Amino acid sequence: MAEIKDFEGLYSAWWEKIYRLCMGYVNEDAQARDLAQETFILVWENLEGFREEANMGTWIFRIASNHCLRQLEKNKKMQKAALTLQFPEESTPDRTAEVEMLYRFIAELPETDRIIISLELEEVKQGEIAQILGLSEGNVRVRIHRIKERLTQRFKEYGF
Amino acid sequence: MDFNMIWRAQSVPGPDLQALYSKIKSYKAKRLRRLLLTNICLVVTSVFIAAIGFWVKPERPTTWAGIALAILAMAAFLAVYNRMIPLYRSLDDYSDSRRFMENLLAVKKREAFLHRQMMNLYFFLLSCGIALYMYEYVIRMEMKWALLTYAVIFLWIGFNWWVIRPRQIRKEQDKLNSIIERLQEIQRQFS
């Protein structure tokens, strides 16, 4: 019973972060919700392993990142769909143009860069991002710098 | 440009515990259903073949050998198929993504190998089984009918071996290879 309560607390506390990370990866609301829900199914299944982990953030973000990357097994067209240049018709109603643009430009990035920038925007420390992905901290720092430059460039092209 | 501000400004749909719990339930059921269905199908077929042996009461050992080989084909298929599932259990969902992708790639390659071996073994055993099983009934026929029957049997075996088997293997291998290719693409992003 205590375990269920722990899980529900975890779910409420981390849902938004995980949803945004998944949204950064797929740029599609319904798919991001599914991905985030499935991440929590994996969290549920791995709850025992979690108790031994020192850092909850690293642990849960690893599960989410790995699950996002695994989507290549399911949906070949996903990446291409995310790159569409029109705004999706069924976007979240109160999502601003800037947010839509940001997601669209993130969707243009390679898969690992999408995860890196989403984690950076979640204010996860660069050292932790390195641990989540298995990269060196230096590599993460350089990549974040390049990604932000690219995003800035893309916003400028659209008059922002 | 303050990306963090834009990121934070977005609205996020609220968590839905009910939906999550029902998804957990259907997720487990779906996984189990596929495993059970394949096992049940092949076990029922094996029982059916064994029942034929029981009712028809063949006299020659070749017929019994044929039945045994057909059942062995089903058993070999199931043994390899059931070995593929633990491959995925060996993946640590919470290892770092670079290692996770390396492991996933290894699993996919192993799956591709096992699938190819499994299909070859399955078709080989089943073909030998049919050829042996028919022997007892064919030798009771006139020579021309016996030759015709075995010609049809070998034609059927050849069709299975050279047309159906490669097609089945190619279908699955194409799917796996495309996943392996995309996994390798992502892996390059880690270097």
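This write-up is about the structure you can find in this document.

**Description of the nonpolar core**
Logical step 1: Ile18(A), Cys22(A), Ala36(A), Ala64(A) and Ile116(A) are the most contacted members of the largest nonpolar core, which has 48 residues in total.
Logical step 2: Among all residues touching Cys22(A), those that are not within four sequence positions of it are Ala32(A), Leu35(A), Ala36(A), Ala64(A) and Cys68(A).

**What to know about the interface of chain B and chain A**
Logical step 1: Each partner contributes to the interface: chain B provides 32 residues, whereas chain A provides 46 residues.
Logical step 2: Going through the elements one at a time, α1 (3–9), α2 (17–56), α4 (97–138) and α5 (143–189) of chain B are the ones with two or more residues in the side of chain B that touches chain A.
Logical step 3: Classifying every residue of the side of chain B that touches chain A by side-chain character gives 21 nonpolar, five polar and six charged.

**Some details on the environment of Met74(B)**
Residue and element names in this part refer to chain B.
Logical step 1: Along the polypeptide, Met74 turns up in helix α3 (residues 61–89).
Logical step 2: When the 21 C-beta atoms within 10 Å are taken as the criterion, Met74 is described as buried.
Logical step 3: Here the alpha-carbon distance between Met74 and Leu125, two residues 51 residues apart in the chain, equals 8.9 Å.
Logical step 4: Once you skip the residues sitting within four places of it in the chain, Met74 turns out to touch Leu42, Thr45 and Ser46.

**Thoughts on the packing of helix α4 (residues 56–69) of chain A against α4(B)**
Logical step 1: Orientation of α4(A) relative to α4(B), taken along the N-to-C sense of each, is 40 degrees, at an axis distance of 10 Å. One way to sum up the angle between α4(A) and α4(B) is to call them oblique. By crossing handedness, the relation of α4(A) to α4(B) is classed as right-handed. Contact residues: Arg62(A), Ser65(A), Asn66(A) and Leu69(A) in α4(A); Ser97(B), Phe100(B) and Met101(B) in α4(B).

**Considerations on the environment of Trp44(A)**
Logical step 1: As for its placement among the helices and strands, Trp44(A) is situated in helix α2 (residues 29–45).
Logical step 2: C-alpha of Trp44(A) to C-alpha of Phe7(A): the two residues are 37 residues apart in sequence and 6.9 Å apart in space.

**Notes on unusual backbone geometry**
Logical step 1: Non-glycine residue Glu123(A) carries a positive phi angle of around 65 degrees.
Logical step 2: With respect to the helices, strands and loops of the structure, Glu123(A) is situated in the loop between α7 (111–121) and α8 (126–133).
Logical step 3: Unusually for a residue other than glycine, Lys57(B) sits at a positive phi of about 50 degrees.
Logical step 4: As for its placement among the helices and strands, Lys57(B) is situated in the loop between α2 and α3.
Logical step 5: Of the residues examined, Lys57(B) has 8 C-beta atoms within 10 Å and is grouped as exposed.

How each quantity is defined
Residues numbered from 1 in each chain as written. Chains lettered and ligands numbered in written order. Predicted model: local features only at pLDDT ≥ 70, side-chain atom pairs only at ≥ 80, totals over all residues. Core = buried A, V, L, I, M, F, W, Y, C linked by C-beta atoms within 7 Å. Buried ≥ 20, exposed ≤ 12 C-beta atoms within 10 Å, placed from the backbone. Contact = placed C-beta atoms within 7 Å. Helix = DSSP H or I, 4+ residues; strand = E, 2+ residues; numbered from the N terminus. Nonpolar A, V, L, I, M, F, W, Y, C, P; charged D, E, K, R; others polar. Axes fitted to C-alpha atoms, helices over the stretch in contact; angles between N-to-C directions. Parallel < 35°, antiparallel > 145°, perpendicular 65-115°, else oblique. Left-handed = near helix turned anticlockwise from the far one by under 90°.

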